[in-house]
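Analysis of the macromolecular model
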Amino acid sequence: MGDDRRLVAVVALAQGMAAAHTPRESWRAAALGACRALSGGFAALSVWERDLGRLRVLVNVGERAADEDEFPDGEAYPVHQFPEITEFLHERWVAGGEPNAWVETAQGPAAGRPGYCHQRVAALRRRGRGSCVVAPIVLHGRAWGELYVARSVGTPVFDRADADFATVLAAVVAAGLAQTERLEEARRLAFTDALTGLANRRAVDVRLEEAVERHRVEGVVVSLVVCDLNGLKRVNDTLGHAVGDRLLERFGSVLSLCGAMLPGALAARLGGDEFCLLAVGPLADEVVKVADDLCRRAGELELGEGVACGVASTEDPIGPVSSARRLFRLADAAQYRAKAVRAARPVVAGREGPDDPVVRLADEPSRERTAERRRFRGRR
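Residue positions are given per chain, counted from 1 along the sequence in the order it is written. Given that the model is predicted, a residue must reach a pLDDT of at least 70 before its local features are reported, and side-chain atom pairs must reach 80 or more before they are shown or counted; all residues, however, enter totals for whole chains, interfaces and linings. For side-chain calculations, the full set of non-hydrogen atoms in the structure is used, while hydrogens and water are omitted.

**Structural notes on helix 10 (residues 324–340)**
Counting from the N terminus, the helices are DSSP H or I runs at least four residues long and the strands are E runs at least two residues long. Working rule for helices: expected span equals 1.5 Å times residues minus one. The end-to-end C-alpha distance of helix 10, which contains 17 residues, comes to 24 Å, matching closely the 24 Å that a straight helix rising 1.5 Å per residue would cover. Each residue is placed in one exposure class: buried if its accessible area under a 1.4 Å probe, protein chains only, is under 20% of its type's maximum, exposed if it is over 50%, and partly exposed if it falls in between. The buried fraction of helix 10 is high, at 14 of 17 residues. In the segment just after helix 10, Arg342 is the residue with positive phi, at about 55 degrees.

**A few points about the sheet that holds strand 11 (residues 347–348)**
Strands qualify as paired when DSSP identifies two bridges or more between them. The strand order 8-9-7-10-11 describes an open sheet built from 5 strands, whose pairing is mixed. Since the sheet does not close on itself, it has two edges, and those belong to strand 8 (266–271) and strand 11, each with one partner. Any pair of residues with heavy atoms lying within 4.5 Å of one another is described as a contacting pair. Axis lines are fitted through C-alpha atoms, for helices just across the contact stretch, and the angle between N-to-C directions can take any value from 0 to 180 degrees. In the packing of helix 9 (residues 284–299) onto the sheet, contacts are made with strand 7 (222–229), strand 9 (274–280), strand 10 (307–313) and strand 11, and the angle to strand 10 comes to roughly 175 degrees. Those strands touched by helix 10 are strand 7, strand 8, strand 9, strand 10 and strand 11, and its axis lies near 145 degrees from that of strand 10.

**As for the confidence of the model for the protein chain**
The predictor reports its confidence for every residue as pLDDT, a score running from 0 up to 100. Of all residues in the protein chain, 88% attain a pLDDT of 70 or more, and the chain-wide mean is 87. Confidence, read as mean pLDDT per element, is least for helix 12 (residues 366–377) in the protein chain (43) and greatest for strand 10 (97). In this model, residues 111–116 is a region of pLDDT below 50 whose contacts with residues beyond four sequence positions or in other chains number 18 contacts. Across residues 371–380 the pLDDT falls below 50, and counting only partners more than four positions away or on other chains, this stretch makes 18 contacts in the model.

**Some words on the pattern of salt bridges**
For this document, the term salt bridge refers to a Lys or Arg side-chain nitrogen within 4 Å of an Asp or Glu carboxyl oxygen. Within the structure shown, the criterion is met by 27 salt bridges. The shortest N-O distance in the salt bridge between Asp237 and Lys233 comes to 2.8 Å. Residue Asp237 and its partner Lys233 are located together in helix 7 (residues 232–239), separated by 4 residues, close to a single helical turn. For the pair Asp237 and Lys233, one class covers both residues: exposed. Between Arg351 and Asp316 there is a salt bridge whose closest N-O contact spans 3.1 Å.

See the structure below:
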């Protein structure tokens, strides 16, 4: 491949990673871009998990074997099978060099290789590939993982020039991965409550919209628990906001603990003293049981005065839920009713008969509903 074509390939790889919206998209763009740039038939991107002592495959692209999923859940290999990760790279850096790519072939030694690696050679033979180029990826000054590109038997074997080009590609991939990390951190901060570390209202809005759409299309059960922490204003007024913040943090921990009992539930702080749990899949009774436990645990918190908790679930008789807004109104109304009657246990929308007061309140015109909420708040 000429210099101009290689430059175009590098630019295409960088642009592909820059356009990615998620880590998975970034991994896939990296592997595909490298595979095309090196005229390979297959490529993979793997990460070195130091704490687990293994090399875990993040993505496989191109001509995949039967045992190679695009985004594998459990494809990982003990690092001791690939000694160059811990030995060769370390030795090269200690000597003041940089980790360069090397080539392996189905016959053994090849250009720029650090040492015979029987595991890679065996894998090439097993999957009908003639050669591969392996490029270490360095991120934040440490070995992060590797970029692997292979060609099938009968195609030209990678050479020294290919290995040198793979080293350049690995550097471009590292830059793309660093950008992805920064974007993910920005997204995390945008969807996280700074005080409690829980999800924030923006995250709830996004997830609830997606959940209600799944309910509409697939019939999946969606439940929302909305709760208001009692006594926060008194704590702030008498003991100071720093103590109030500690109460919010402690309740956030309790909410997170209870949410963990519901697989995949999202625990969030909506703002001020209001929190919620969003559960997609579990039955309504399971969610109510967790909400009941949440009320009990909140009542045991020092300084606080318990929590007013409302639940709304698509599994209960609340009428059609065609929008996230309606389910939120129902859970919100249930919480306000719990506040009004000083309920020690959750109030569940739709469980008080045909003329359920929570459903009625949620479906009232907004002006009347706001006035009713104020009456509820006045009865704290």
